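# Tertiary structure, described
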Amino acid sequence: MLGMLCLPNASLFLLLLPCFPAQHGGGNEQSTDVISAREGDSISITCSMNDSQNQVGMYLRAIRQNLNVIYFPKEKPPKINPEFANRINYSKEGENFRITLHRLQESDSKIYQCSEIVKNNVYPKDLYGKATIVVVKGKSSRALKQAPLYANPGHGQSVSITCVLKSPPQHEEFYLLRTHVQPDKVLSVLNLTVSEVSPAFGNRLMYSREGNSIVITLHNLQEKDSDNYICVEQVRGSSLLSASGTMVLVKEVEQGCEESSWGLYALLIVVSPLCCALVSCILCHVHVKKYFQKKKPNVVYEDMSFNSRRSTIVRTNTYSRGE
């Protein structure tokens, strides 16, 4: 551990790792479903069905065109609109009907709604379910113009989306939809008099009209606001007209990480030499301790008999001479 603290790159990686934001999943319940698809694709819409005795039947319809797509009588085979013949499948899943539209056409861009017919005293009554906005992208020249195609604002910044419409204000219904990450109806405007803003944006959205252009500004953007935003126009008696969309990618929060990074750099500049000195001191202490550790002495044996023998020889010679 002490050795790792002396490695700035390793410690920086470990300490800066918490600065990377975690990805969060999940979504909120929506009052209106939004489905974006391309020509030739398939989509599914699920309608809830009440099996009470008062029920007469249920149908899926395009509400602006007053067009019945499919009708399910309670005890009879369903009736399919000829416009969708050979392009529609259905199945019952518990108390729900799952309706699938195949080989989508640009003209299928509509607002669909499930409705249930129930007996109410003498006259039947319609119970309306959740609406589904279906946007089918094609190559038609009837597509709306929208700018910019791409925006990369920072956290807390704003972005403005401009939509050029094709109908006069008194005949139009306008939507700004998000279609990929969290499909939702962000803004709906009816004849410029009635507007509805998604709770996800609350007081963070403003819009204004200049001629045939509507400018929508989204404020205080967060990472969760990253999505594809599409301008859609509902012309009376016609299918929905849509634009190519604006891809909004909100940058991650960097300021906090930058400030903490500078603090970590400064801390590492101060701590790293101390750590290295401490490690060196510890290593040195261990080395010295080993050096002074009590060792077994090397025993050198000296033959002392030689000197005694030498003295004896000398004395012997002396005595010999004396004699």
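Residues numbered from 1 in each chain as written. Predicted model: local features only at pLDDT ≥ 70, side-chain atom pairs only at ≥ 80, totals over all residues. Heavy atoms only, no water.

Once that is clear, we can look at the confidence of the model for the protein. Overall, the prediction assigns the protein a mean pLDDT of 76, with 66% of residues at 70 or greater. Note that pLDDT drops below 50 for residues 256-260; the model gives that stretch two contacts with residues more than four away or on any other chain. In this model, residues 308-323 is a region of pLDDT below 50 whose contacts with residues beyond four sequence positions or in other chains number zero contacts. (pLDDT = per-residue confidence, 0-100. Contact = heavy atoms within 4.5 Å.)

Attention now moves to the packing of aromatic side chains. One pass over the full model with this rule turns up four aromatic pairs. Note on F72 and Y90: the rings are 5.5 Å apart at their centroids and 75 degrees apart in plane angle, and the pair reads as edge-to-face. Linking F72 in strand 4 (residues 67-73) with Y90 in strand 6 (residues 88-93), this pair joins segments that are 18 residues apart in sequence. Between F72 and F97 the ring centres are 4.0 Å apart and the planes differ by 20 degrees, which places this aromatic pair in the stacked class. (Phe/Tyr/Trp six-rings, centres within 6.5 Å; stacked < 30°, edge-to-face > 60°. Helix = DSSP H or I, 4+ residues; strand = E, 2+ residues; numbered from the N terminus.)

A cluster of nonpolar side chains, contributed by L149, Y150, M247 and L249, occupies part of the molecular surface with about 410 Å² of accessible area. Within the secondary structure, Y150 sits in strand 11 (residues 150-151). Since its relative accessible area comes to 49%, Y150 is described here as partly exposed. (Patch = residues over 30% accessible without salt bridge, like charges linked within 9 Å, V, L, I, M, F, W, Y side chains within 5 Å. Areas by Shrake-Rupley, 256 points an atom, 1.4 Å probe, with all protein chains shown as cover. Salt bridge = Lys/Arg side-chain N within 4 Å of Asp/Glu carboxyl O. Buried < 20%, exposed > 50% of the residue type's maximum accessible area, 1.4 Å probe, protein only.)

A separate point is the state of the cysteines. Counted according to the given criterion, the structure contains two disulfides. Paired through a disulfide, C47 and C114 show a sulfur-sulfur distance of 1.9 Å. Its S-S torsion of approximately -65 degrees makes the covalent link between C47 and C114 left-handed. Here the residue C47 occupies a position in strand 2 (residues 43-48), and C114 occupies one in strand 8 (residues 110-120), the gap between them amounting to 67 residues. Of the two residues examined, C47 and C114, each falls in the buried class. Numbered by order of appearance in the sequence, the disulfide-linked cysteines of the protein pair as 1-2, 3-4. (Disulfide = S-S within 2.5 Å.)

Of the consecutive residues A147 and P148, the connecting peptide bond is found in the cis state with omega at -5 degrees. Even without glycine at this site, N66 takes up a positive phi of about 50 degrees. By the secondary structure assignment, N66 is in the loop between strand 3 (55-62) and strand 4. Positive phi values are uncommon outside glycine, yet N86 reaches one of about 65 degrees.

What follows concerns the sheet that holds strand 9 (residues 123-137). The sheet built from six strands is open, its strands ordered 1-9-8-3-4-5 with mixed pairing. Every interior strand has two partners, whereas the edge strands, strand 1 (32-38) and strand 5 (79-80), have only one. Pairing of strand 4 with strand 5 involves two bridges; the strand directions are antiparallel. Counterpart to I70 in the pairing with strand 5 is I80. (Pairing = 2+ DSSP bridges.)

A few words on the pattern of salt bridges. In the structure shown here, the tally under the stated rule is five salt bridges. A salt bridge links R64 to E173, with the nearest nitrogen and oxygen atoms 2.9 Å apart. Within this pair, whereas R64 is found in the loop between strand 3 and strand 4, its partner E173 is found in strand 13 (residues 172-178), the two being separated by 109 residues in sequence. By relative accessible area, which is 37% here, R64 ends up partly exposed. Judged by relative accessible area, E173 falls into the buried class, the value being 13%. A salt bridge links R178 to D227; the nearest nitrogen and oxygen atoms lie 3.0 Å apart. Here the residue R178 occupies a position in strand 13, and D227 occupies one in strand 18 (residues 227-235), the gap between them amounting to 49 residues.

An order of 10-12-17-16 is seen for the four strands of this open sheet, with the pairing classed as antiparallel. The sheet is open, and its two borders are formed by strand 10 (145-147) and strand 16 (205-210), each paired with just one other strand. Here the average twist between neighbouring strands, direction ignored, is 15 degrees. (Axes fitted to C-alpha atoms, helices over the stretch in contact; angles between N-to-C directions.)

So, on to the side chain of D108. Within the secondary structure, D108 is located in the loop between strand 7 (96-101) and strand 8. Among the residues examined, D108 registers a relative accessible area of 1% and is labelled buried. In terms of polar contacts, D108 uses its side chain to reach the backbone amide nitrogen of Q105, at 2.8 Å. Residues in contact with D108, not counting those within four places in the same chain, are F84, R87, R103, V134 and V136. (Polar contact = N/O pair within 3.5 Å; in protein donor to acceptor, adjacent residues only side chain to side chain.)

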